Amino acid sequence: MKMLSRVKRDLTMTESARGSGGSRVDLVLIAEMVAPGARVLDVGCGDGELLRLLSETRGVDGRGIELSREGVNECVAKGLAVIQGDADTDLADYPDDAFDYVILSQTLQATRHPRVVLEHMLRIGRHAIVSFPNFGHWKIRLQVGLGGHMPTTDNLPYAWWDTPNIHFCSIKDFRLLCQASDARMEKAVALNAWGTPLRFNAPWWFWNLFGEQAVFLLSRL
Amino acid sequence: MVELSAARDVPARHSEADSPRDSLIARFGADRPLKLDAGVSLSPFQIAYRTYGALNSERSNAVLVCHALTGDHHVVGTHPVTGKSGWWETMVGPGKPIDTERYFVICPNVVGACMGTTGPASTNPKTGKPWGLDFPVITIRDMVRAQAMLLDELKIETLFAVAGGSMGGMQVLQWAASYPRRVFAALPLASSTRHSAQNIAFHEVGRQAVMADPEWRQGRYLVEGANPKRGLAVARMGAHITYLSDAALHRKFGRKFQDRENVTFSFDADFEVESYLRHQGITFVDRFDANSYLYLTRAMDYFDLAADYDGVVAGAFKGAETRFCVVSFTSDWLFPTSDSRAIVHALNAGGARVSFAEIVTDKGHDAFLLDEPELLAIVRGFLDGAARARGLSARR
């Protein structure tokens, strides 16, 4: 009986995994962290979904960097200010404090030098927002620990030999990086498998086990 | 053997420079001289231009199109000299990305050219003869300064957009640097903030080809009734190669023979690619003035936007409110993507709002003139976004 009610709850969660305007919940969550009218740089902006959401709901002055040519051209054709570039090499060209927020959404794990990228974000922006898949999630631990193989999930469908993701971390690991990079954690949210935020006052170990994704709002110490 | 067409009447070429067909002309008298970077003034002078579409009542929908080295102000429609269609038919027109039902498009012939704006083929009022090499050396900034005078004449304070490729893109960048408040959106395509050593080298070969032709007569060919056709054709042939790419030439011609089964053991145009280049050279000399070619290539060589800002390009765009759309093409080896990236870096350093796309094509530098669907979609999307921000209505 308990099991059944749990499933039911999960179904409603699935329904709510897409917020207003059909946007992904993690993007809505990021958008809510951004002050209206702010100057925003979205690093790894993909097809421009978050930039569109930010400009529509928060009225931001948004810019983007995207590695894939297709993504860039799609964004520019939508009228977004997006340039083709690489988070690992091109952030160095931006002056200090050029933006209010620098966002790295689901891209950290694909960078060659996550620490350098994060430090540039904190230099360029007054705030940095980072979202990433949590490698400490129990399903992943099960696949590695008991299954004995590299994990694949709905969020991370790639086989190990063709994945763009080369620097996975858990929520616990990311907190260590924040400490090492002198980043202040202003806000953190973990999302479960259905894109719903986990209980606010849950301990870190709980987030690290049950959070499938995490979103951190950071600033310079 | 392809023979160069017989020497055409000199007065006809000269008259197009003074009295261009199918063109509007703005004349600037002694009271409005064009101050040149060379330290002298050009006065009187005239600008030939064409417009497409209509200016709205707020005078806010003007788009300045800047033509490239051998282009002119006949952007769309039948060209009065060649009888061919305009050079940017894919981009400009009703319903096209630069939509003439929405925007008022202005394209002036640049100073130093030969299609109606004052240049070396125009009559020097002091002598009553063509300027020739007495014409002062001009720069990209001089071209832009003249265009600004034209806009003053047309009572257009701010441009909704400035767009152009190659040398046109240089003018776009100069516009954004010289008159940042007069430019809402800028589209430098396949361009650069400075001409590279390799490009200067190519231009020098072209100029030497012109000057090596005995018919050039130290630049006095118009007065002496001569025409350095062979030199100019060779210059064009060399330049044309740089506008294409190895892959495009291979795709188009390969090693195919021209109207024959085998090599002829001669210096005939055995190969299709030779015949094609000769044709490019011949058709070019019928519409272009050799001295103009010298002056305009020189203007491009001298272009170095950073030089005016202590060697830092970013200085040209400091605090720029203009929004930019920079586009490059993968196979363009004349103005490679690295040049466009340098523009983008400078704009980012200045905090400008910039879009940058690199388009995959094997068509080389000329791709900006061609039917490249991705380029067209990008320009359309960029202008739509800018028009929304500018408060321009969707259609008049």
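Every value quoted in this text rests on a predicted model; they were computed, and no experiment measured them.

**So, the overall build of chain A**
Piece 1. Helix and strand content of chain A: nine helices and seven strands.
Piece 2. A total of 221 residues make up chain A; the buried ones form 50% of that total.
Piece 3. In chain A, of all internal contacts separated by at least 6 residues, the share reaching a separation of at least 24 is 67%.
Piece 4. Total accessible area on chain A stands at roughly 10800 Å², and carbon and sulfur atoms take up 57% of it.

**A word on the pattern of salt bridges**
Pairs can form between side chains of opposite charge once their charged atoms are near each other.
Residue and element names in this part refer to chain A.
Piece 1. Here the structure, examined in full by the defined rule, presents 32 salt bridges over all chains.
Piece 2. Of the charged contacts in the structure, one is a salt bridge between Glu74 and Lys78, with a shortest N-O distance of 4.0 Å.
Piece 3. The partly exposed category is assigned to Glu74, whose relative accessible area is 40%.
Piece 4. For Lys78, a relative accessible area of 38% translates into the label partly exposed.

**Let's talk about the interface of chain A and chain B**
Piece 1. Between chain A and chain B, the contact holds 21 residues from the first and 24 residues from the second.
Piece 2. Where chain A abuts chain B, roughly 1700 Å² becomes buried across the two surfaces, and 47% of that area is made up of carbon and sulfur atoms.
Piece 3. Linking chain A with chain B are two salt bridges.
Piece 4. The salt bridge partner of Arg69(A) is Glu358(B), with a shortest N-O separation of 2.8 Å.
Piece 5. Our count for the chain A to chain B interface comes out at eleven residue pairs in polar contact (both at pLDDT 80 or more).
Piece 6. Elements that contribute at least two residues to the side of chain A that touches chain B include exactly strand E2 (61-66), helix H4 (69-77) and strand E3 (81-84) of chain A.
Piece 7. The element contributing the most residues to the side of chain A that touches chain B is H4(A), with five residues.
Piece 8. Its residues assigned to classes, the side of chain A that touches chain B shows nine nonpolar, five polar and seven charged.

**Description of the nonpolar core**
Piece 1. Within the largest apolar cluster, 118 residues are counted, with the highest numbers of intra-cluster contacts made by Leu91(A), Phe174(A), Leu218(A), Ile106(B), Trp175(B), Phe317(B) and Phe324(B).
Piece 2. In terms of residues, this core owes the most to one element, helix H2 (residues 140-153) of chain B, which gives eight residues.
Piece 3. One finds Ala161(B), Ala185(B), Ala357(B) and Leu392(B) within the second-largest nonpolar core, a separate group that totals 45 residues.

Conventions adopted
- Residues numbered from 1 in each chain as written.
- Chains lettered and ligands numbered in written order.
- Predicted model: local features only at pLDDT ≥ 70, side-chain atom pairs only at ≥ 80, totals over all residues.
- Heavy atoms only, no water.
- Helix = DSSP H or I, 4+ residues; strand = E, 2+ residues; numbered from the N terminus.
- Buried < 20%, exposed > 50% of the residue type's maximum accessible area, 1.4 Å probe, protein only.
- Contact = heavy atoms within 4.5 Å.
- Areas by Shrake-Rupley, 256 points an atom, 1.4 Å probe, with all protein chains shown as cover.
- Salt bridge = Lys/Arg side-chain N within 4 Å of Asp/Glu carboxyl O.
- Buried area = accessible area lost by both parts, 1.4 Å probe.
- Polar contact = N/O pair within 3.5 Å; in protein donor to acceptor, adjacent residues only side chain to side chain.
- Nonpolar A, V, L, I, M, F, W, Y, C, P; charged D, E, K, R; others polar.
- Core = buried A, V, L, I, M, F, W, Y, C linked by side-chain atoms within 4.5 Å.

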